[in-house]
Amino acid sequence: EAVSANAARAELFERYGAAIYRYLLSAVRDGNVAEDLAQEFSLRLVEGRFKNVDPEKGRFRSYVKTVLFHLVQEHRRKMYQKRETPLTEGAAELNETEENKKFTQYWRDELLARTWTALANVNQVYHDVLRLVSKNPDLDSTNIADELSNQLGKPMSAATTRQTLHRARSRFAALLRDEIAASLRVADAEAIDSELADLELLHFYR
């Protein structure tokens, strides 16, 4: 059972390691340090040194952001202690609320990036039309059809484009739910909806 739990945690780290690294890089502003901290986090995770962490019993994201916060905090304290001129008390301290917000943004970006990639793998046209609309929200269906026709090298009517866009949005929303489910390691609809709300991603379903 312990081996299984460690494997599950390692799998989730592999899946969302990019978000973890980007957060660390923004926090320490040094690529080498960020890599070292990411490796330290991964090592502790795989070795099962966080015994109370079970991806089946709670959000992996919530656990990750807490551990990363403390890793960065510890690193900052060590760096400040090495300075010859002491800084004011509390200078090495991070604002946990602000750091949580930053990590959540990186996590959300990673989920969306993976969803866009999945959509392109499923249907490139869906990906292209949805990307086009997301970058140009004020375009009407006729203009969207013209732009898409130019991209695809074949004519697309406004009616066909509207239908394609509707299907693309539906598929993207479904793929995003799949990605959320993978991050939670659950298929419970209520838990997925709660995570979507926490990550401010529910607008994809309106």
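Structure: above.
Here the residue numbers are simple positions, counted from 1 along each chain's written sequence. At least 70 in pLDDT is required for a residue's local features to be given in this predicted model, at least 80 for side-chain atom pairs to be given and counted, and no such filter applies to totals for whole chains, interfaces and linings, which use all residues. The side-chain figures draw on all heavy atoms in the structure; neither hydrogens nor water molecules are used.

Caption draft 1: How the structure looks around the packing of helix α5 (residues 124–135) against helix α6 (residues 141–152). Direction vectors running N to C along α5 and α6 enclose 135 degrees, while the axes themselves pass 10 Å from each other. In terms of orientation, α5 lies oblique with respect to α6. The interaxial crossing formed by α5 with α6 has right-handed handedness. Residues Val 125, Asp 128, Val 129, Leu 132 and Val 133 of α5 lie in contact with α6, whose contacting residues are Ile 144, Glu 147, Leu 148, Gln 151 and Leu 152. Counted by class, the contact of α5 with α6 contains seven nonpolar, one polar and two charged residues. Note on definitions: angles span 0 to 180 degrees between N-to-C directions of axes, and those axes are lines fitted to C-alpha atoms, for helices only across the stretch in contact. By the criteria applied, helices consist of DSSP H or I runs no shorter than four residues and strands consist of E runs no shorter than two, each listed in order from the N terminus. In this scheme, roughly parallel covers angles under 35 degrees and roughly antiparallel covers those over 145, while 65 to 115 is roughly perpendicular and the rest are oblique. The handedness criterion is simple: a crossing whose near helix is rotated anticlockwise from the far helix by less than a right angle is left-handed, and one whose near helix is rotated clockwise is right-handed. In this description, contact between two residues means that some pair of their heavy atoms is separated by no more than 4.5 Å. Residues were grouped as follows: Ala, Val, Leu, Ile, Met, Phe, Trp, Tyr, Cys and Pro as nonpolar; Asp, Glu, Lys and Arg as charged; and all remaining residues, including Gly, as polar.

Caption draft 2: Fine view of the layout of surface pockets. By volume, the largest pocket amounts to about 270 Å³. Of all elements in the fold, only α5 and α7 (158–184) reach the threshold of two or more residues within the lining of the largest pocket. Examining the composition of the lining of the largest pocket, we find that three residues originate from one element, α5, more than from any other. Here the lining of the largest pocket is built from residues that sort into six nonpolar, two polar and two charged. Throughout, the protein atoms alone are placed on a 1 Å grid, and a set of points is a cavity if a 1.4 Å probe fits but cannot get out or a pocket if it is open with protein on both sides within 12 Å along at least five of seven lines; lining residues have an atom within 4 Å of a point. Grid points are joined across faces, edges and corners, and a volume is the space filled by probe spheres set on the points.

Caption draft 3: Quick peek at the environment of Ala 173. Mapping Ala 173 onto the fold places it in helix α7. Remark: the alpha-carbon pair of Ala 173 and Arg 206, spanning 33 residues in sequence, is separated by 9.9 Å. Not counting chain neighbours up to four residues away, the residues in contact with Ala 173 comprise Phe 204 and Tyr 205.

Caption draft 4: Representation of the nonpolar core in the model. Nonpolar core, defined: a set of buried Ala, Val, Leu, Ile, Met, Phe, Trp, Tyr and Cys residues in which side-chain atoms within 4.5 Å join the residues together. Any residue under 20% of the maximum accessible area for its type is buried, any over 50% is exposed, and the rest in between are partly exposed; the area is computed with a 1.4 Å probe on protein chains only. If you look at the biggest cluster of nonpolar residues, it comprises 50 residues, and the most contacted ones within it are Leu 24, Phe 41 and Leu 68. Broken down by secondary-structure element, the contributors of at least two residues to this core are α1 (2–28), α2 (31–46), α3 (60–81), α4 (96–122), α5, α6, α7 and α8 (189–198). Residue contributions to this core peak at nine residues, all from α1. The residues touching Leu 68, leaving out its near neighbours within four places in the chain, are Ile 20, Tyr 23, Leu 24, Phe 41 and Phe 103.

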